[in-house]
Amino acid sequence: VTRNLKEAGGKTPVRGTRTSYKARYAHDAVRKAKGYIRDGYRWVVDKDLEKFFDRVNHDRLMNTLAKTIKEKPLLKLIRKYLQAGVMINVM
């Protein structure tokens with residue numbers, strides 16, 4: 001699938017495929033990780049968040065958020081987002 005992709009930081013759009021974009025992103029991530037190691041860090045962690053919110057315990061997450069977020073309407077909104085489904089091919 002070919003689509004217009006916008007470079008990070010608002011630079012000019014580039015034409016490419018999702019695969020080429022992901023590959024370039026992966027290479028950039030490896031380059032950045034190597035830089036962290038050169039700077040003296042001993043650990044580099046990569047986390048894919050694609051399915052995180054489907055798998056995380058929503059009650060525990062909400063309890064953790066409630067410790068710092070005191071606005072009840074905001075917490076209710078976050079809970080609704082967590083519970084919302086995804087609509088595919090609606091139109």
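The preceding data block contains the structure.
Residues numbered from 1 in each chain as written. Predicted model: local features only at pLDDT ≥ 70, side-chain atom pairs only at ≥ 80, totals over all residues. Heavy atoms only, no water.

**Q** Help me out: how do you make sense of the packing of helix 3 (residues 58-66) against helix 4 (residues 72-83) in this one?
**A** Packed helices, taken two at a time, are described by the angle between their axes plus the distance between the axes. It is the contact of helix 3 with helix 4, at a shortest axis distance of 11 Å, that shows an interaxial angle of 155 degrees. In terms of axis orientation, helix 3 runs roughly antiparallel to helix 4. Here helix 3 and helix 4 pass one another in a crossing that is right-handed. Here His58, Asp59, Leu61, Met62, Leu65 and Ala66 of helix 3 lie close against helix 4, whose contacting residues are Leu75, Ile78, Arg79 and Leu82. Its residues assigned to classes, the contact of helix 3 with helix 4 comprises 7 nonpolar, 1 polar and 2 charged. (Axes fitted to C-alpha atoms, helices over the stretch in contact; angles between N-to-C directions. Helix = DSSP H or I, 4+ residues; strand = E, 2+ residues; numbered from the N terminus. Parallel < 35°, antiparallel > 145°, perpendicular 65-115°, else oblique. Left-handed = near helix turned anticlockwise from the far one by under 90°. Contact = heavy atoms within 4.5 Å. Nonpolar A, V, L, I, M, F, W, Y, C, P; charged D, E, K, R; others polar.)

**Q** Please clarify how the environment of alanine 29 should be interpreted in this entry.
**A** You can see alanine 29 is positioned in helix 1 (residues 18-38). Each C-alpha atom, one on alanine 29 and one on aspartate 46, is 8.9 Å from the other, the two residues being 17 residues apart in sequence.

**Q** Even after reading the chapter, I still don't get the pattern of salt bridges, so can you show me in this structure?
**A** Side chains that differ in sign of charge can pair as their charged atoms come close. One pass over the structure, following the stated rule, counts 2 salt bridges. Two residues, arginine 31 and aspartate 28, come together in a salt bridge whose shortest N-O distance is 2.5 Å. In this pair, arginine 31 and aspartate 28 are both assigned in helix 1, 3 residues apart and thus about one turn of the helix distant. For aspartate 28, a relative accessible area of 35% puts it in the partly exposed group. We note a salt bridge from aspartate 59 to arginine 79, for which the minimum N-O separation is 3.2 Å. You can see aspartate 59 sitting in helix 3 and its partner arginine 79 sitting in helix 4, a full 20 residues away along the chain. Among the residues examined, arginine 79 registers a relative accessible area of 23% and is labelled partly exposed. (Salt bridge = Lys/Arg side-chain N within 4 Å of Asp/Glu carboxyl O. Buried < 20%, exposed > 50% of the residue type's maximum accessible area, 1.4 Å probe, protein only.)

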